[in-house]
Structure formats: C-alpha cells, structure tokens
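Spelled out, the chains give:
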Amino acid sequence: MRSILILITLTLLTALARADNATLAVLPYDERPVAENRIVEERLNTLLPTLMREANIDMWLVIAREYNDDPVFLSLVPKPRFTARRTTILMFHDRGGDAGVERLTISRYPLGELYDAAWEGGDLAAQWERLGEIVAERKPARIAINVSDTWPIADGLSHGLHQKLEAALGSEFSGRLVSSEQLVVRWMETRLPSEVQVWQRAVGLARATIAEAFSAAVITPGVTTTEDVAWFIRSRFESQGLAPWFHPDVNVQRPSADQDPDAPFYGEYGVVIQRGDILHTDVGLCYLALCTDTQEMGYVLRLGETEPPAGLQQAMADGNRWQDLLTATFKTGQTGNEILSAAQRAIKRAGLRSSIYTHPLGLVGHGPGPTIGMWDNQGPTPDRGDWPLYPNTGYAIEGNIKVAVPEFDNALVQMKLEQSAFFDGEQVIYLAGRQTAWHIVR
C-alpha cells in the first residue's frame, strides 16, 4: 500500500512539474543549447584572454579522445555536445594586444562558429603533423597543457596523448610545455554576471524541492522512509530535466544520551520516519551547466505540537550565526587555510562547537579553488587549501554545529547546513537565500 501511495504521489507531482515549467523558468531541452552557448561564447571572448595573460600563457592545448574526455572539455565547446569525437584538439593562442585569443580546432569534426577549423581531415598521423605545423608557425614561448599533480580537473591529458603531443612538437617546442593548472582553476572557478543569474534559478529550484520533500505532501509519519524521500527528490529533478550530480541523501536524528559526542556525523538511514524525528537532506543538481549543493533540516511535529521545540529553533539560529561567522572571514587574497583558521577562532569565541568543510562550487559540484576545511581534517589542507580567494567565485558554505537541546534531555543535535553562495570580492551572497527556519512536517 505504501509503495502504491508513493507512486501515485510521484505521478501527480511529475504532472504538476511539467505544467509549472514556465513558472519555474526551467527551459525545455531544445532551448537550452542556445542559452548555454551564449554563456560559453561570452566566457571565451571576455574571460579567457584575461586569464591566459594572468597565467602568462601564450598557447593552451586541450586534447581529448572519445570515451576519455578532458574534465574541462565540455566547458569550452558549444552544445549539444556530450563528448569529444575521435581525437579532438582545441588550440587557444594569445596573439597579444587587441588581437585577442585565436581559437582553433584541429579535429576531424567541426565545432561550429566558436572555433576556426585548421585541419580538413585525414588520418591520425596527418592530424598530429598539422598540429606541429601550426605551433611552429606561431612560435609560442609557453604552451600550457592539462597536466597537474594537485588539481584533478587540470590533469586531463592522458599519458598516450602526452607522448603523441611531444612527438608532434619536436624537441624545441616540447621544451616549452608547462602545466595549465593556474589557468584551468581560474577558468573553472570564475563566474560571469550572466552565469550568476542562471545559477540563482538552479539554487532556487533545489531549495524549493527540499521544502516540498520535507512536508506533509510527501511524508506520512509511520509510513514514509528516508529512501522514499530521497527518491522523491531525485524523481522531482528528473521530471524537470534537472541533472543530479549525486543521489540525494536523507537521514534522521533521534537524539539520545547514547550518542557519541565525537562522531563526525549524526543520522540514521533507511528507516521509517516517525513523529519527533529531525530530518536532514543533502542534494545537488546542475542546470545550464551550473551546479548546486544544498543541505537543509526538517522536523516532524509530535502530536499536540504546532512548531518545533524552542531548543531546536535556537539551534537553527546558532547554525545561522555559525554561517555568518564563517562568511565574515572571506577576504580577497586570503587562502582557504587562512580563512579556515580565522573562522575557527571566531566560532570558538562565540562558544559554538563546529566543523567546517566548505568547498568551491560552479561548473562542477566539488570545484577547484580554495579548500576551506575538510570533514576529516580540520587543520590546514596542503596545496588546495593554499589557493587564494578570488572575486566572482562560488562556494558551498558547508559544515555543522552540535547543539545541546533541552527538550531532548540536552542530547546533541547536529545542524548540518550547506548553502550555495557567490563571493563578489567584498561579501558572500547566498544565491537563493538560506534556511533560517525549520521545514515542518505537520
């Protein structure tokens, strides 16, 4: 019976989602390439030249093969495109001054108006020979390729392709190869104003779905399981054509004196939701190439209750205070490790028991940029924690605090909160607000 009720609910909500697409401003699939390509073109025209000069790069080569894409490949090419074809070579050459960056593709298949085709086809040997000729003609001093031992997203050039590239360039130009990691991280982490507008809609959709999931429309105490709610969220995204970048997580807390106060996370999974349960979810979706990451909390009212206990409401306020103390330490030029240390000092002075694991967010869910703590390491993070904070970048403001709640015999409740936010160089701005009150299942 429970499965039938859930199926009926999902079917009705799927129909409503399709009817409400205009209200929610979710573009149909066939209209999305135009919107995405407008942003890709703007980024290539305005952002890439600046970043190449910032990184002191004369030429950037992005080389990928079918079934073995480079992680940055799709951020550079027009849609609808899902993968590289055969061997796809993208070349970006800074001609200097107002001439800007030349964009070429040396590939068997064209890439449309964003790239000039510099090779008309032939066998694989001819393709690599043509690449060598083009590089020799332009004589770049520094040729960036996607190899890195620090940033996985900047390490997309396979060993086999690396060998073929060195052979095609010869000893003179192979000696000019450098890592593109500075350029790749800045390319992936930087957001344009046009992207932020799209991003706000994506985050709003994620938060609206959580609010729906943590309500009596979806949850029947004593019947609905945490997995039912997780699949509701997943199905809701799918019905709107929104791609989840991980399966939703839903768990419950039932505070008791038996809890381990030092456990990194509290919560039970795969259980039937009961009255008095504290709910938590972690969800992420991507829309028009921009990803979200959101964690919010809910409470299932006991019989006779009309609102969450005062202790839980105070816990939410403490969680918001924790967020404010963390984001107040965001300063342009500070490293992730420096931000973490400053935030920890401020939070300790406030008397809050916290854990910080905030990460960059954007074209991928766990993006490149300054790591600000990790759930299993509350000290400095080597390398990635040393990356500085730049303006016009995005973050998942993520972590938790543990609060003793009187109504649960002072057992600890863990407020696991995460909101998608944008740093404009001066302040952290939540893209679609943040949770300040409990979701309530009545």
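As shown above, the structure is provided for reference.
A quick note: this is a predicted structure, and the numbers were derived from the prediction, not measured.

Asker: Which parts of the structure should I look at to understand the packing of aromatic side chains?
Answerer: How two aromatic rings sit relative to each other is given by the distance of their centres and the angle of their planes. Tallied over the full model, the rule gives nine aromatic pairs. Consider the rings of Trp-245 and Phe-246, whose centres lie 4.7 Å apart with planes at 85°: the pair is edge-to-face. Accessibility expressed as a relative area gives 26% for Trp-245, which makes it partly exposed. Taken together, a centroid distance of 6.2 Å and an interplanar angle of 50° make the contact between Trp-387 and Tyr-390 tilted. Owing to a relative accessible area of 9%, Trp-387 belongs among the buried residues under this scheme. Chaining the aromatic ring pairs together yields one cluster made of Trp-60, Phe-92 and Tyr-115. Between Arg-32 and the ring centre of Tyr-29, over which it is positioned, the NZ or CZ distance is 4.6 Å. The residue whose ring lies beneath Arg-85 is Tyr-109, and the NZ or CZ to ring-centre distance is 4.3 Å.

Asker: What is the right way to look at the pattern of salt bridges in this model?
Answerer: Counted under the stated rule, the structure contains 17 salt bridges. A salt bridge links Arg-138 to Glu-102; the shortest N-O distance between them is 2.9 Å. In this pair, Arg-138 sits in helix α4 (residues 124-138) while Glu-102 sits in strand β3 (residues 101-105), placing the two residues 36 residues apart along the sequence. Put simply, Arg-353 and Asp-262 hold a salt bridge, and the shortest N to O gap is 3.3 Å. On the criterion of sequence distance, the pair formed by Arg-353 in the loop between α10 (336-349) and β13 (354-356) and Asp-262 in the loop between β8 (249-253) and β9 (278-283) is long-range, its members being 91 residues apart. Among the residues examined, Arg-353 registers a relative accessible area of 39% and is labelled partly exposed. Exposure remark for Asp-262: the relative accessible area of 62% places this residue in the exposed category.

Asker: Please explain the sheet that holds strand β6 (residues 177-179) as it appears in this structure.
Answerer: In any sheet, the strands associate via hydrogen bonds between backbone groups, in a parallel or an antiparallel arrangement. Sheet architecture is open: six strands sit in the order β4-β3-β2-β1-β5-β6, paired in mixed fashion. Two strands close off the open sheet at either side, each with one partner strand: β4 (116-117) and β6. Looking at chain direction, strand β2 (residues 87-94) and β3 are connected through five bridges and run antiparallel. Its bridge partner lying in β3, Met-91 is registered against Leu-104. The sheet contacts of α4 involve β1 (59-65), β2, β3 and β5 (143-145), and relative to β2 the element is tilted by about 5°.

Asker: Can you walk me through the nonpolar core in this structure?
Answerer: Generally speaking, a soluble globular protein has its nonpolar side chains buried in company with each other. In terms of nonpolar packing, the biggest core is built from 70 residues, with Leu-44, Leu-48, Trp-60, Leu-76, Leu-90 and Phe-92 touching the most fellow members. Core analysis: the next-biggest nonpolar cluster, separate from the first, contains 35 residues, Ala-346, Leu-352, Ile-397 and Val-403 among them.

Asker: What's the story with the environment of Leu-288 in this structure? I'm lost.
Answerer: Here Leu-288 is to be found in the loop between β10 (285-287) and β11 (290-291). Residues Leu-288 and Ala-243, 45 residues apart in the sequence, show an inter-C-alpha distance of 9.6 Å. Excluding anything up to four places from it in sequence, Leu-288 contacts Leu-27, Arg-32, Ala-35, Glu-36 and Val-198.

Procedures and definitions
- Residues numbered from 1 in each chain as written.
- Predicted model: local features only at pLDDT ≥ 70, side-chain atom pairs only at ≥ 80, totals over all residues.
- Heavy atoms only, no water.
- Phe/Tyr/Trp six-rings, centres within 6.5 Å; stacked < 30°, edge-to-face > 60°.
- Buried < 20%, exposed > 50% of the residue type's maximum accessible area, 1.4 Å probe, protein only.
- Lys NZ or Arg CZ within 6 Å of the ring centre and 35° of its normal.
- Salt bridge = Lys/Arg side-chain N within 4 Å of Asp/Glu carboxyl O.
- Helix = DSSP H or I, 4+ residues; strand = E, 2+ residues; numbered from the N terminus.
- Pairing = 2+ DSSP bridges.
- Contact = heavy atoms within 4.5 Å.
- Axes fitted to C-alpha atoms, helices over the stretch in contact; angles between N-to-C directions.
- Core = buried A, V, L, I, M, F, W, Y, C linked by side-chain atoms within 4.5 Å.

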